[in-house]
Each structure stands twice: as structure tokens, then as C-alpha cells.
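# Structure assessment
Single-letter residue listing:
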Amino acid sequence: MGLQQFEERLERLVEGTLAKPFRTNLQPVEIGRRLTREMDLHRRVGNRGLIAPNAFTVTLSATDADRFANFIEALIRELAEAAREHARNENYSFVGPIDVHVLEGSRLRAGRFTVTAEVVAGPEGLHPAQLLLPDGQRVSIEVEPVVIGRLPECSVPLGDTNVSRRHAEVRRIGEKFVVSDLGSTNGTRVNGVPVREQFLSSGDQITIGSTTLVFELQ
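Quantities reported herein were computed from a predicted structural model and do not represent experimental measurements.

With that out of the way, let us pick up the overall build of the chain. Counting secondary structure elements, the chain contains four helices and 16 strands. Looking at the 218 residues of the chain, the share that counts as buried comes to 46%. Sequence-distant contacts in the chain: of pairs separated by 6 or more residues, those separated by 24 or more amount to 59%. Surface exposure of the chain reaches about 11800 Å², of which carbon and sulfur atoms provide 46%.

Encoded structure:
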């Protein structure tokens, strides 16, 4: 399912002016398939179950790197999302944030590429988590709390009059994560239920004003 969604998203992105980079035998979904195969090959057993690689290096031929040049950031985002979806489908966990690099290999022929995958621990070995914003951006939750509010200096600033200046925060407590309302006027909801403070599970939806953020363990 993850790779099918990956392919469908890329097909939408390459319409019109972005179609040019794909006039090559190499298709992005092939890279996605190789990446997820490397996850399967290099997974290992950890305290929480199966741990999958989270750091990937994709090396393309000079020809393909040039053809993908105007599309590379979108490709990196979609490869990272394909890794997340594959991990969810296979019940893999990560020990650090997903990191994808795309490089050019001078000795590779057009259509040929390599993918290497490694398990790389996050800062201080902490289990990684993120907030997924409605526009697709992701905000990592590390040592410092992630503050959500109307002030520009908030970690997640929201231009919504229903949001208080410092509305809520998501912070780490050991290996767990908690969302706390910071005395906001209109309150904070998790999965539609008003909360003052609540521990989070992966997939929980946090609604602040008219914005819903999704909490994800990687």
C-alpha cells in the first residue's frame, strides 16, 4: 500500500512541467522499492521489536541526477514518506529520524542506481517522534518542548484567532510524549476529546483552533 501511494503521489507531482525528469528508464518508484527492500534486509531485533534502517543514501548516475535535478526535494520527501509507511505496515520502529540523501555517482550508467541503508540513533539515543502539519511539514520532538500557538516564536506558529498566544505544548517524558494545554482560551482536543494533559500514542490527532496535527512515532 505504501509504495502504491508513493507512486500515485509522484505521478501527480510530475504532471506538466515536472514530467521532463522522468523521460528516462529509471522511475522513482523503483528507488522506493529498493529503499524498502533495504529496510527489510537490514532490519534487526531490538527491545521494542524490529528496528529498521532510518538513514538512506541514494546514488544516481550523472544522467539521472541531472534529469531529476528540479524534482530532487520532492523525491526526497516522498522517499522518506515511503519509508514511514513501510515501517507502519511492517510494524518496524526507528531509533532516529529518517534521513534521505541523494548523490551523483560518476561511474553509474543511466538507469542504474544504488541505495544504502543504516540504523543511526537520534540525539542522545532518544526514540524519534514528529508532529505532522496539515501542509505536510513535519516538526521533530526532541529534548525541548514543541510549543504551538499564535506567537511567531512558537515552534508551530498558527495564524488563527481561535488559538492562544501560547496554546499548547508537546514534550517528551522519558520514552513517552505528552500534550499539555497551556491555559488556552478555547482548549486543546485529542481525537476530538478536550484535554488538559494527555499521553500520546502514534496516530493521535491534536486539534488546536481549526488546525489538526498528527502525532507520529517513527
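So, on to the sheet that holds strand 14 (residues 197-199). The mixed open sheet is built from five strands, whose spatial order is 9-8-10-11-14. The open sheet has two edge strands, strand 9 (156-157) and strand 14, and neither has a second partner. As defined by bridge partners, strand 11 (residues 176-181) adjoins strand 14 across three bridges and the pair is classed as antiparallel. Across the sheet, the residue bridging to Val179 is Gln198, located in strand 14.

So, about the sheet that holds strand 13 (residues 193-195). Taken in spatial order, the six strands line up as 7-6-16-15-12-13 in an open sheet, and their pairing is antiparallel. Pairing within the sheet leaves two strands with one partner each, and these edge strands are strand 7 (138-140) and strand 13. For this sheet, the mean angle separating the axes of adjacent strands, direction not counted, is 30°. Direction of pairing for strand 6 (residues 129-132) relative to strand 7: antiparallel, over a ladder of three bridges. Residue pairing in the sheet places Gln130 in a bridge with Ser140 of strand 7.

Turning next to unusual backbone geometry. Phi at Asn91 is positive, roughly 60°, even though this residue is not glycine. Secondary-structure assignment places Asn91 in the loop between helix 4 (72-90) and strand 4 (99-105). The backbone of Asn191 sits at a positive phi, close to 55°, despite the residue not being glycine. Tracing the backbone shows Asn191 in the loop between strand 12 (188-190) and strand 13. When its relative accessible area of 44% is taken as the criterion, Asn191 is described as partly exposed.

Grouped together as the largest cluster of nonpolar side chains are 26 residues, with contacts concentrated most on Ile31, Met39, Phe56 and Leu60. When contributions to this core are tallied by element, the ones reaching two or more residues are helix 2 (28-41), strand 3 (55-61), helix 4 and strand 5 (113-118). The contact partners of Leu60, leaving out residues within four places of it in the chain, are Leu26, Ile31, Ala65, Phe68, Val102, Leu103, Glu104, Gly105, Leu108, Arg112 and Phe113. With 21 residues, the next largest nonpolar core counts Leu133, Leu200, Ile206 and Leu213 among its residues.

On average, residues of the chain score 84 in pLDDT, and 86% of them are at 70 or above. Model confidence for the chain, summarised as mean pLDDT per element, is weakest for helix 1 (residues 2-13) at 61 and strongest for strand 15 (residues 205-208) at 96.

Moving on, we come to the pairing of strand 6. Here strand 6 runs beside strand 16 (residues 211-217); their pairing, made up of four bridges, is antiparallel. Residue pairing in the sheet places Leu132 in a bridge with Val214 of strand 16. The hairpin formed by strand 6 and strand 7 contains five residues between the paired strands, and Gly136 there has a positive phi angle of roughly 95°.

Right, let's get into the pattern of salt bridges. Enumeration over the complete set of coordinates arrives at seven salt bridges. The shortest N-O distance in the salt bridge between Glu81 and Arg88 comes to 3.5 Å. Counted as one network, the salt bridges with shared partners bring together Glu81, Arg84, Arg88, Arg138 and Glu216.

Calculation rules
Residues numbered from 1 in each chain as written. Predicted model: local features only at pLDDT ≥ 70, side-chain atom pairs only at ≥ 80, totals over all residues. Heavy atoms only, no water. Helix = DSSP H or I, 4+ residues; strand = E, 2+ residues; numbered from the N terminus. Buried < 20%, exposed > 50% of the residue type's maximum accessible area, 1.4 Å probe, protein only. Contact = heavy atoms within 4.5 Å. Areas by Shrake-Rupley, 256 points an atom, 1.4 Å probe, with all protein chains shown as cover. Pairing = 2+ DSSP bridges. Axes fitted to C-alpha atoms, helices over the stretch in contact; angles between N-to-C directions. Core = buried A, V, L, I, M, F, W, Y, C linked by side-chain atoms within 4.5 Å. pLDDT = per-residue confidence, 0-100. Salt bridge = Lys/Arg side-chain N within 4 Å of Asp/Glu carboxyl O.

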